[in-house]
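If you want the building blocks of each chain, they are given just below.
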Amino acid sequence: MTILDDPSRLRAADPSGMLGTVLAFPSQLAEAWAQAIARPIPRPAEPLAHVVTIGMGGSAIAADLAGAYLAQELRVPLITIRDARIPPYVGPGSVVIATSYSGETEETLAAAGAAIASGAHVLAITSGGRLADLVPGTVLRVPGGLQPRAALAYLLGATLAVFAQWGLAGSCAADVDEAAAVLGALAAETAPSIPAPRNPAKRLAESLCGRIPAVYAGGATLAPVARRWKTQFNENGKTLATWDVFPELTHNEAVGWGASPDLAGRLAAVILLAGDEDARALRRIRVARTSGLEGAVAGVHEVSGRGAGRLARMLSLVLLGDLTSVYLAYLRGIDPTPVVAIDRIKQGMRDP
Ligand code: PA5
């Protein structure tokens, strides 16, 4: 029997319970949204020029996902920054959302400090730490005690509530409700009790084990979803992975499929589809598959988002990727939770 279908071995492989946290994504999203939307978030008096989000890693991705989901209805530009520095256009009229789950991330603290000094209206989304003390304005607190990447639903729910409350996009309420329901059904289908032959996350993890996943978003909306898959393979699966996005990748990455077979053959491609791609987009993906990708890499897998709304489609893919990355860790005999390399680098930067 594969380890993935052996409950006692699974429990031993995951002492901190990462899988349980991932499976709680649907309820976390509903809870985070309900709490954040119920609490009034004071809006600055002056007209808003733009919203700038700052954050790193598992905290930054929440803003990316919010931006992609709201892209067609945003009433002001949204810029995501993963850096310690902010651009000179940030100042009065800017809204800056500083997101750091721990509240202790060096780059986010530096950028938030610079944003405050610039006169921008700064909010924080955090479980605490120095960021909560630094920001004089609204601090949206999320529950502590998780790995930052496992708190995505909380960070996303709080981010969406800012846009919805301030009328910067439509009401997200119906979409969040649908996403929570769709994700709940997907979590039931991919739970550890569902055997590998009927469990899409376990099957995909088995196909990717021993390969370098190359995660390709079927379109721009799914770019942050592909990035999330890549980073979850890194942090949960402790493996290398890459990501790119159609149609852009057909203008560069596709040439790389011509690398020597011992290099390209280490990759396994995962193409993410939202389910609402138009005929030209699907044709481009098909042409790319048959004219180069399939002959180069070890396997090509396509997965589709579920649900009617964009948020459900995006987040069902996020959940499937998160689960796949945890099952991959189990197959590799690795605890999905610790991220020793990240901790070591952060410590190295704190040392005198
Ligand atoms: O997933 C992780 O642990 C990292 O990518 C962190 O999110 C990143 O180091 C930033 O930390 P924080 O999210 O606490 O600001």
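Residues numbered from 1 in each chain as written. Predicted model: local features only at pLDDT ≥ 70, side-chain atom pairs only at ≥ 80, totals over all residues. Heavy atoms only, no water.

### Comments concerning the pattern of salt bridges
- Following the criterion strictly, the structure yields 10 salt bridges and no others.
- Asp 83 serves as the salt-bridge partner of Arg 85, at 3.8 Å between the closest nitrogen and oxygen.
- What makes Arg 85 exposed here is its relative accessible area of 64%.
- For Glu 294, the salt bridge identified is with Arg 289, shortest N-O distance 2.6 Å.
- For Glu 294, a relative accessible area of 38% corresponds to the partly exposed category.
- Given the relative accessible area of 17%, Arg 289 is considered buried.
- Through salt bridges with shared partners, a single network forms among Arg 289, Glu 294 and Glu 302. (Salt bridge = Lys/Arg side-chain N within 4 Å of Asp/Glu carboxyl O. Buried < 20%, exposed > 50% of the residue type's maximum accessible area, 1.4 Å probe, protein only.)

### Details of the side chain of Asp 244
- In this fold, Asp 244 is placed in strand β7 (residues 242–245).
- Look at Asp 244: it is buried, it has no salt bridge, and the nearest opposite charge is Arg 227 at 11 Å.
- If sequence neighbours within four positions are ignored, Asp 244 has contacts with Val 215, Tyr 216, Ala 217, Ala 226, Leu 249, Asn 252 and Glu 253. (Helix = DSSP H or I, 4+ residues; strand = E, 2+ residues; numbered from the N terminus. Lys, Arg positive; Asp, Glu negative; His and termini not counted. Contact = heavy atoms within 4.5 Å.)

### Focus on the site of the ligand
- Taken together, Met 56, Gly 57, Gly 58, Ser 59, Ser 100, Tyr 101, Ser 102, Thr 105, Pro 148, Arg 149, Glu 235 and Lys 346 make up the full set of residues adjacent to the ligand.
- One of the side-chain N or O atoms of Glu 235 is found 2.5 Å from an oxygen atom in the ligand.
- Contact with the protein chains removes 93% of the 370 Å² of surface that the ligand exposes when unbound.
- Its residues placed into classes, the shell around the ligand shows three nonpolar, six polar and three charged. (Near = heavy atom within 4 Å. Polar contact = N/O pair within 3.5 Å; in protein donor to acceptor, adjacent residues only side chain to side chain. Areas by Shrake-Rupley, 256 points an atom, 1.4 Å probe, with all protein chains shown as cover. Nonpolar A, V, L, I, M, F, W, Y, C, P; charged D, E, K, R; others polar.)

### Here we look at the packing of helix α10 (residues 223–235) against helix α14 (residues 310–331)
- Relative orientation of the contacting elements α10 and α14 amounts to 15°, with a least axis distance of 9 Å. Here α14 runs roughly parallel to α10, going by the angle between their axes. Relative to α14, the crossing made by α10 is right-handed. Within the contact between the two elements, α10 uses Val 225, Arg 228, Trp 229, Gln 232 and Phe 233 and α14 uses Met 314, Leu 317, Val 318, Leu 320, Gly 321, Asp 322, Thr 324, Ser 325 and Leu 328. (Axes fitted to C-alpha atoms, helices over the stretch in contact; angles between N-to-C directions. Parallel < 35°, antiparallel > 145°, perpendicular 65-115°, else oblique. Left-handed = near helix turned anticlockwise from the far one by under 90°.)

### What to know about the packing of helix α8 (residues 173–189) against α14
- Direction vectors running N to C along α8 and α14 enclose 35°, while the axes themselves pass 9 Å from each other. Seen along the crossing, α8 lies across α14 with a hand that is right-handed. Where α8 approaches α14, its residues Asp 175, Val 176, Glu 178, Ala 179, Val 182, Leu 183, Leu 186 and Ala 187 are matched on the opposing element by Leu 311, Ala 312, Leu 315, Ser 316, Leu 319 and Leu 320.

### Some words on the sheet that holds β7
- One open sheet holds the four strands; their spatial order is β7-β6-β8-β9, and the pairing between them is parallel. Each having just a single partner strand, β7 and β9 (300–304) make up the two edges of the open sheet. The mean inter-strand angle of the sheet, taken between neighbouring strand axes irrespective of direction, is 20°.
- With six bridges connecting them, strand β6 (residues 212–217) and strand β8 (residues 267–273) associate as parallel partners. From the neighbouring strand, Ala 217 faces β8, where its bridge partner is Leu 272.
- Contacts from helix α13 (residues 279–296) reach β6, β8 and β9, with the element oriented near 175° to β8. (Pairing = 2+ DSSP bridges.)

### Some details on helix α4 (residues 57–70)
- The end-to-end C-alpha separation of α4 is 20 Å, in line with the 20 Å expected for 14 residues at 1.5 Å each.
- Where burial is concerned, most of α4 is hidden: 13 out of the 14 residues are buried. (Expected span 1.5 Å × (residues − 1).)

### What about the side chain of Glu 235?
- Looking at the secondary structure, you find Glu 235 in helix α10.
- Residues contacting Glu 235, with those up to four places away along its chain left out, are Arg 149, Pro 336, Pro 338, Val 339 and Ile 342.

### Remarks on the nonpolar core
- Within the largest apolar cluster, 85 residues are counted, with the highest numbers of intra-cluster contacts made by Leu 160, Val 225, Trp 229, Leu 272 and Leu 315.
- No other element matches the 13 residues that α14 contributes to this core.
- There are two domains that each give this core at least three residues, and those are domain 1 (18–171) and domain 2 (194–331).
- With residues near it in sequence (within four places) discarded, Leu 315 still touches Phe 25, Leu 29, Leu 156, Ala 179 and Leu 183.
- One finds Val 90, Leu 109, Ala 112 and Ala 115 within the second-largest nonpolar core, a separate group that totals 17 residues. (Core = buried A, V, L, I, M, F, W, Y, C linked by side-chain atoms within 4.5 Å. Domains from an automatic or database assignment.)

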